[in-house]
Amino acid sequence: MRFATKAIRVGQDPAGPHLPVIPPIYQSATFAWNSLEDAPAFDYSRVNNPTRAMLEEILAALEGGFGCVCTGSGMAAIAAAFSLLKNGDHLLMASDIYGGTHRIVHTILPNQGITFTEFDAREPGTIDTAIQPNTKMLIFETPTNPNLRIVDVEAIASACKRHGIVCVIDNTFASPYLQNPIALGCDIVVHSTTKYVGGHSDIIGGAAIAGTQEVYNKLFAWAKSIGTAPGAFDCWLAVRGVKTLEVRMERHCANAMAVAEALERHPAVHRVHYPGLKSHPDHAIAAKQMRAFGGMVSFEVKGTAADAKRVAESTKVFMLAESLGGVESLIGYPPMMSHAAMTEEQRMEAGIPPTLLRLSVGIEDAQDLIEDLQQALAKVSALAR
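Residues numbered from 1 in each chain as written. Predicted model: local features only at pLDDT ≥ 70, side-chain atom pairs only at ≥ 80, totals over all residues. Heavy atoms only, no water.

S.K.: Looking at this structure, how should I read the pairing of strand β1 (residues 67-71)?
M.R.: Extensive coverage of β1 is indicated by the burial of five of its five residues. The alternating pattern of β1 places Gly67, Val69 and Thr71 and Cys68 and Cys70 on opposite faces, both of which are buried. Across five bridges, β1 lies against strand β7 (residues 206-210) in antiparallel orientation. Looking at the pairing, cysteine 68 lines up with isoleucine 209 of β7. (Buried < 20%, exposed > 50% of the residue type's maximum accessible area, 1.4 Å probe, protein only. Helix = DSSP H or I, 4+ residues; strand = E, 2+ residues; numbered from the N terminus. Pairing = 2+ DSSP bridges.)

See below:
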């Protein structure tokens, strides 16, 4: 099966006495046993649930992994990956990474006796010098949040294999449709299913897809013990959302390209970050490892932080809100949203200036989106004159 067919058919054959085309929601905390000698496949929804199992089967198939563990949020999926670390271990973390991951590495892992070093994922050769005898894992993302830099996944995974460490990638920005890191050598792929997988901004969820049975078993045992299970209804909504992932991503990508090109021509814009642009420093790598260039765009406004905030507060079609990956377009201000936990110095070191805005480009009419940004930017341009 190809991608779109997998999204609609894997694990979703009509079953039961009524043969429903759309699988039902198993909104039950517990399940009956026929006898003590005949344990059911599902007994308690903290451990497993038929609706969740369906979503996990779909995501594992779309990512080409052995198995998937779904969690109550994307951060819980990150925590599931980190559960493979123990006291005394060392982690390599890409310096250009989501603020929530940065926060958990800086504030929670040290309390567990886990040390870390940041490295430049755009330079895979730096891994050889950053590695330590007790390094057990590396985590990175591509495209990066919010700078949309592209990392050579195969090169990073190869370095991890060379050093015998677990390679974890956050694939949320790309979605399973645009990029499949397990095929490129990664061990664990993490998603916030809140974003493109769900696609409608109406759930919170996460997923960790393992490339091997050994890794999957460890992730499952941790999730079962800690109790990070998402609810059945959220899983059902994610199954509904993933059915249209391919067609949504095609529109997201087309709209994002149109918006990026328009922004690149605008006199009030200092720089546009979108890997689909030939001016992007990582365009060639993106073209090599991605099916298309994604629905996320970030750009720097000419002027001050106040100018950037004014633009963010002046859009009418783009809504000022956190998150991404929904059918509706959102505009965000990373210093006060996704990367607020970082200090200003840390943000500047990560390439996040106070004039940066992040767009999650939805599936509305592209011209409406462009005109909306133009009218918002006009306020800055008028002040400049």
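S.K.: Is there a simple way to think about the environment of lysine 224 in this case?
M.R.: You can see lysine 224 is positioned in helix α8 (residues 213-226). Relative accessible area serves as the criterion here: at 38%, lysine 224 is assigned to the partly exposed category. For the pair lysine 224 and threonine 142, spaced 82 residues apart in sequence, the C-alpha separation works out to 29 Å.

S.K.: Where do I start with helix α2 (residues 50-63) in this structure?
M.R.: Working note: α-helix, 3.6 residues per turn, so residues spaced by three or four point in the same direction. Between its first and last C-alpha, α2 extends 20 Å over 14 residues, near the 20 Å set by a 1.5 Å rise per residue. Here α2 lies mainly inside the structure; 11 of its 14 residues are buried. Taken residue by residue, α2 has Pro50, Thr51, Arg52, Met54, Leu55, Glu56, Ile58, Leu59, Ala60, Leu62 and Glu63 as its buried positions. In this structure, the buried residues of α2 make contact with α1 (3-9), β1, α7 (175-178), β6 (188-192), β7 and α9 (232-242). For α2, the N-terminal capping position is held by asparagine 49, with its side-chain oxygen 2.8 Å away from the main-chain nitrogen of threonine 51. (Expected span 1.5 Å × (residues − 1). Contact = heavy atoms within 4.5 Å. Polar contact = N/O pair within 3.5 Å; in protein donor to acceptor, adjacent residues only side chain to side chain.)

S.K.: Mind showing me how you'd approach helix α6 (residues 153-163) here?
M.R.: All buried positions along α6 are accounted for by Val153, Ile156, Ala157, Ala159 and Cys160. Buried residues of α6 fall within an arc of 160° about the axis and therefore sit on the same side. In α6, those exposed residues whose orientation departs by more than 90 degrees from the buried face are Lys161 and Arg162. Those residues of α6 that are buried are in contact with β3 (115-119), α5 (126-130), β4 (135-141), β5 (166-170) and α11 (283-289). Backbone geometry just downstream of α6 places glycine 164 in the positive-phi region, at approximately 70°. (Arc of directions from axis to C-beta.)

S.K.: Is there a simple way to think about the nonpolar core in this case?
M.R.: One recurring pattern in soluble globular proteins is that nonpolar side chains are buried together. Among the nonpolar cores identified, the biggest contains 84 residues, and Phe140, Ile156, Leu263 and Leu359 are the most heavily contacted of them. Per-element accounting of this core gives the leading share, eight residues, to helix α10 (residues 245-265). Residues in contact with leucine 263, not counting those within four places in the same chain, are Val269, Val272, Val297, Phe299, Leu359, Leu373 and Leu377. Leu85, Ile104, Ile188 and Ala208 belong to the second-largest nonpolar core, a separate cluster that totals 25 residues. (Core = buried A, V, L, I, M, F, W, Y, C linked by side-chain atoms within 4.5 Å.)

S.K.: Help me out: how do you make sense of the packing of α2 against α9 in this one?
M.R.: Packed helix pairs are characterised by how far apart their axes lie and by the angle those axes make with each other. With their axes 8 Å apart at the nearest point, α2 and α9 run at an angle of 35° to one another. When you trace α2 past α9, the crossing you get is left-handed. For the pair α2 and α9, the contacting residues are Thr51, Arg52, Met54, Leu55, Ile58, Leu59 and Leu62 in the first and Ala232, Cys235, Trp236, Ala238, Val239 and Val242 in the second. Taken together, the residues of the contact of α2 with α9 sort by class into 11 nonpolar, one polar and one charged. (Axes fitted to C-alpha atoms, helices over the stretch in contact; angles between N-to-C directions. Left-handed = near helix turned anticlockwise from the far one by under 90°. Nonpolar A, V, L, I, M, F, W, Y, C, P; charged D, E, K, R; others polar.)

S.K.: Where do I start with the environment of lysine 86 in this structure?
M.R.: For lysine 86, the location among the structural elements is in the loop between α3 (74-82) and β2 (90-94). The class of lysine 86 is exposed, set by a relative accessible area of 53%. Linking lysine 86 and lysine 136, residues 50 residues apart in sequence, is a C-alpha distance of 9.2 Å.

S.K.: So what exactly am I meant to see when it comes to the sheet that holds β7 here?
M.R.: The pairing of strands in a sheet comes from backbone hydrogen bonds and takes either a parallel or an antiparallel form. In space, the seven strands of this open sheet follow the order β1-β7-β6-β5-β4-β2-β3, with mixed pairing throughout. Two strands close off the open sheet at either side, each with one partner strand: β1 and β3. The sheet shows a mean angle of 20° between the axes of neighbouring strands, taken without regard to direction. With respect to the sheet, α2 is in contact with β1, β6 and β7, its orientation differing from that of β1 by roughly 130°.

S.K.: Looking at this model, I keep getting lost on the pattern of salt bridges. Mind explaining?
M.R.: For side chains of opposite charge, pairing can occur when their charged atoms come near one another. Taken as a whole, this structure holds 11 salt bridges when the rule is applied. Among the ionic pairs, aspartate 282 bridges to arginine 149, the shortest N-O distance being 2.6 Å. Of the two residues, aspartate 282 is situated in the loop between β8 (269-273) and α11 and arginine 149 in the loop between β4 and α6; the sequence distance between them amounts to 133 residues. Its relative accessible area of 7% is what places aspartate 282 among the buried residues. (Salt bridge = Lys/Arg side-chain N within 4 Å of Asp/Glu carboxyl O.)

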